[in-house]
Amino acid sequence: MAAFVIFYVLMWGIQSLLIKSSKGPNGEYPYEILSVTLMIELCKLVCALLYYLTCLPNDERGQPYDLNTLFSKWRAGRYFVVPAGIYCFYNALQFVNLRVMSPSTYRVLINIRIIFSGLLFQQFFDKRLSPKQWVALVLLIIGCGVEQLGSFSADVGPMALVLITIQAFTSSMGGVYFQWLLQKKDAAQVHFMEKNIYLYFWSVLLNLMYVMLTRSSSAGGLDFNDFFRNYDNKVIVIIFIGAFGGFATSLVLRYLDVIAKEYANFIEMIFVAVGARWAFGTQIQPTLVLGIALVSCSIMLYKSGSEASHPKKGGGKQEYVRLQKMESGASSSSQAASDNDTVRSTSHLRSLTKDLSVSDDEY
């Protein structure tokens, strides 16, 4: 599972450095940001479809995965319009918030999503976080914010605070709901890659609608020549890295959870700070060392607290084992193989609990 976190950190960290290097001398972007966002979603969809049609083995019935199979499960794909819509709304709020506050202030305040992630994680997965784990999450918030305190400005109005709170909640809601779809909804009937394709399809559609609405209402209308202006090799790389970063997010949410993703975000922050020092000569702030110390304590505290956490009434742990058994049973041909998979799923769940604390890193 640590490999998924490393993949996640590398993809998003490299993309952040590439975006930073693409800025003009006055800090402006020479390309249309909405255009790049739309093309990243389209690239995700195309890459996922190519992998689905050419690389997946046959299903449990010996039938190949093809477009007919994908269309036959379309009813399950309807649910993915929800996280796609949430992410689209999140992107729109990001543009608004970055206009009313500095980037460093934004990066500090957006970390309140960690609390929302913990609350929503409990509700969706019937699992209570222990008091130690809640303290660990608070330490994670402080650790993520400490690195930006040198340029943080508290001079933000109440409306800006409301907007950043809404954005933080949408970020957590999108992540937790997508994790629930990946891990629990139709776990045995719909392949992991099929779920990704459905999400990317809706994301492309909704982002395209957003572009049409915002650009067509402007004075000059939608000019495609301007919309795709200044596309060079660096922009193409940003698009492809962003697409792979989206797939890395799916892997983390499928095989770990949204809390592990939050820890991975902090590791990405360290990666970007070190990379910026090497690539641009940016000075590493001393507060980063303090942030690393706080998050290290948070990881250890979260790990020790996981032993005390317990499922809510229904027993989320047993449900997760049951779903793992369903997935493995879908590709098995005998009851004996299914029983063996149940044992492996139980041990796999225990290893996940360990991996969460060992590789706890976040976006």
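Look up a bit, the structure's there.
Residues numbered from 1 in each chain as written. Predicted model: local features only at pLDDT ≥ 70, side-chain atom pairs only at ≥ 80, totals over all residues. Heavy atoms only, no water.

Caption draft 1: How the structure looks around helix α12 (residues 233-255). The end-to-end C-alpha distance of α12, which contains 23 residues, comes to 33 Å, matching closely the 33 Å that a straight helix rising 1.5 Å per residue would cover. Two or three places before Lys234, at the opening of α12, Asp232 has a side-chain oxygen 3.2 Å from that residue's backbone nitrogen. (Helix = DSSP H or I, 4+ residues; strand = E, 2+ residues; numbered from the N terminus. Expected span 1.5 Å × (residues − 1). Polar contact = N/O pair within 3.5 Å; in protein donor to acceptor, adjacent residues only side chain to side chain.)

Caption draft 2: How the structure looks around the pattern of salt bridges. Evaluated as defined, the whole model comprises 5 salt bridges. Lys44 is paired through a salt bridge with Glu41; the nearest N and O atoms lie 3.3 Å apart. Placement of both Lys44 and Glu41 in helix α2 (residues 33-54) is noted, with a separation of 3 residues, approximately one turn of the helix. For the pair shown, Lys44 and Glu41 are each scored as buried. Salt-bridge contacts for Glu194 lead to Lys73; the nearest nitrogen and oxygen are separated by 3.0 Å. Of this pair, Glu194 sits in helix α10 (residues 192-216) while Lys73 sits in the loop between α3 (67-72) and α4 (74-77), placing them 121 residues apart in sequence. The exposure class assigned to Glu194 is buried, which follows from its relative accessible area of 0%. (Salt bridge = Lys/Arg side-chain N within 4 Å of Asp/Glu carboxyl O. Buried < 20%, exposed > 50% of the residue type's maximum accessible area, 1.4 Å probe, protein only.)

Caption draft 3: The arrangement of unusual backbone geometry in detail. Positive phi outside glycine occurs at Asp126, with the angle close to 50 degrees. Examined against the element boundaries, Asp126 turns out to sit in the loop between α7 (113-125) and β1 (127-128). For Asp126, a relative accessible area of 34% puts it in the partly exposed group. Although it is not a glycine, Asn230 sits at a positive phi angle of roughly 60 degrees. Mapping Asn230 onto the fold places it in the loop between α11 (224-227) and α12.

Caption draft 4: View of the state of the cysteines. Under the defined criterion, the tally for this structure stands at 0 disulfides. We note that Cys43 lacks a disulfide partner, and the nearest cysteine sulfur, in Cys47, lies 3.9 Å from it. (Disulfide = S-S within 2.5 Å.)

Caption draft 5: Representation of α7 in the model. End to end, α7 covers 18 Å across 13 residues, agreeing with the expected 18 Å (1.5 Å per residue, within 8%). Turning to α7, its buried residues number three or more, namely Arg113, Ile114, Ser117, Gly118, Leu120, Phe121, Gln122 and Phe125. Following α7 by one or two positions, Asp126 adopts a phi angle in the positive range, close to 50 degrees.

Caption draft 6: Region of the structure containing the packing of helix α8 (residues 131-146) against helix α14 (residues 287-306). Axis separation between α8 and α14 bottoms out at 8 Å; the angle between their running directions is 165 degrees. By the angle class used here, α8 and α14 are roughly antiparallel. When you trace α8 past α14, the crossing you get is left-handed. Contacts from Lys132, Gln133, Val135, Ala136, Leu137, Leu139, Leu140, Ile142, Gly143 and Val146 of α8 reach α14 at Thr287, Leu290, Gly291, Leu294, Val295, Cys297, Ser298, Leu301, Tyr302, Ser304, Gly305 and Ser306. Grouping the constituent residues of the contact of α8 with α14 by class yields 13 nonpolar, 8 polar and 1 charged. (Axes fitted to C-alpha atoms, helices over the stretch in contact; angles between N-to-C directions. Parallel < 35°, antiparallel > 145°, perpendicular 65-115°, else oblique. Left-handed = near helix turned anticlockwise from the far one by under 90°. Contact = heavy atoms within 4.5 Å. Nonpolar A, V, L, I, M, F, W, Y, C, P; charged D, E, K, R; others polar.)

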